[in-house]
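Okay, here's what each chain looks like letter by letter:
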Amino acid sequence: MLNGKKLTTNPHAKAALESMGGDVQDLPLVIEGNIATAGGCLSLMCLVGWLAERLFDSNKRKSIQNQLIPAGQLELFEEIISKTIESAELANLHNNRLKRDSQRMALSVPLSRGG
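All values derive from a computational prediction rather than experimental measurement. (Residues numbered from 1 in each chain as written. Predicted model: local features only at pLDDT ≥ 70, side-chain atom pairs only at ≥ 80, totals over all residues. Heavy atoms only, no water.)

Looking at a nonpolar patch on the surface
Taken together, the side chains of Leu51, Leu55 and Phe56 make up a nonpolar region of the molecular surface, amounting to roughly 330 Å² of accessible area. Tracing the chain through its elements places Phe56 in the loop between α2 (44–55) and α3 (58–65). (Patch = residues over 30% accessible without salt bridge, like charges linked within 9 Å, V, L, I, M, F, W, Y side chains within 5 Å. Areas by Shrake-Rupley, 256 points an atom, 1.4 Å probe, with all protein chains shown as cover. Salt bridge = Lys/Arg side-chain N within 4 Å of Asp/Glu carboxyl O. Helix = DSSP H or I, 4+ residues; strand = E, 2+ residues; numbered from the N terminus.)

Okay, here's the thing in structure tokens:
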């Protein structure tokens, strides 16, 4: 069903998603194309942050999340959330480039002719 899609989840659901063909990553946020998954309850902050940035910008994300962050921990959570989103976006870009390169190589390999 998941056909090797990269994703994440909480540790208790990992085996179930792997049995459906998912490539489960041990990360708080995994992005594959237009799909993002969060690995656990606290990772929801990263998923909501990614969605807010995708639809609006980082300022909108901050204004949404600042209402949810525990008092006195704004800087800590901001660093965690922004670095997690950045890391997941970079991994997604890297994976997309690898797929593109793989497809180009497959197209450039000459077919052998039977003789």
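That was the structure; now back to the text.
Some points on the confidence of the model for the protein
Chain-level statistics for the protein give a pLDDT mean of 92 and a share of 94% at 70 or above. Within the protein, strand β3 (residues 29–32) carries the highest mean pLDDT (97), whereas helix α4 (residues 74–108) carries the lowest (92). (pLDDT = per-residue confidence, 0-100.)

Digging into the pairing of strand β4 (residues 35–38)
Only one face of β4 is covered, namely the face carrying Ala36 and Ala38; the face carrying Ile35 and Thr37 is uncovered. Direction of pairing for β3 relative to β4: antiparallel, over a ladder of four bridges. Bridge pairing in β4 links Val30 to Thr37. Counting the residues that bridge the hairpin from β3 to β4 gives two residues, and of these Gly33 lies at a positive phi of roughly 65 degrees. (Buried < 20%, exposed > 50% of the residue type's maximum accessible area, 1.4 Å probe, protein only. Pairing = 2+ DSSP bridges.)

A closer look at the side chain of Thr9
Among the structural elements, Thr9 can be located in the loop between β1 (6–7) and α1 (14–19). On the basis of relative accessibility, which here comes to 18%, the residue Thr9 falls in the buried class. Here Thr9 is in contact with Lys14, Leu17, Val24, Ala38, Gly39 and Gly40, once residues within four sequence places are set aside. (Contact = heavy atoms within 4.5 Å.)

Details of the packing of α2 against α4
One can describe the packing of α2 onto α4 by two numbers: an axis separation of 9 Å at closest approach and a directional angle of 70 degrees. One finds that α2 runs roughly perpendicular with respect to α4. In the crossing of α2 with α4, the sense of the turn from one axis to the other is right-handed. Contacts between α2 and α4 pair Met45, Cys46, Gly49, Trp50 and Glu53 from the former with Ile81, Thr84, Ile85 and Glu89 from the latter. (Axes fitted to C-alpha atoms, helices over the stretch in contact; angles between N-to-C directions. Parallel < 35°, antiparallel > 145°, perpendicular 65-115°, else oblique. Left-handed = near helix turned anticlockwise from the far one by under 90°.)

Here's the deal with the layout of surface pockets
The computed volume of the largest pocket comes to approximately 170 Å³. Leu27, Leu29, Val30, Ala88 and Ala91 are the residues nearest the centre of the largest pocket, which is lined by 13 residues in total. Elements with a minimum of two residues in the lining of the largest pocket: β3 and α4. Counting residues per element, the lining of the largest pocket draws most heavily on α4, which supplies six residues. Broken down by class, the residue content of the lining of the largest pocket amounts to seven nonpolar, five polar and one charged. (1 Å grid on protein atoms, 1.4 Å probe; cavity = no way out; pocket = protein on both sides within 12 Å on 5 of 7 lines; lining within 4 Å. Points joined across faces, edges and corners; volume = space filled by probe spheres on them. Nonpolar A, V, L, I, M, F, W, Y, C, P; charged D, E, K, R; others polar.)

A few points about unusual backbone geometry
Most peptide bonds take the trans form, and the phi angle of most residues other than glycine is negative. With phi around 45 degrees, Asn3 is a residue other than glycine that occupies positive phi space. Tracing the backbone through its elements, the reader meets Asn3 in the segment before β1.

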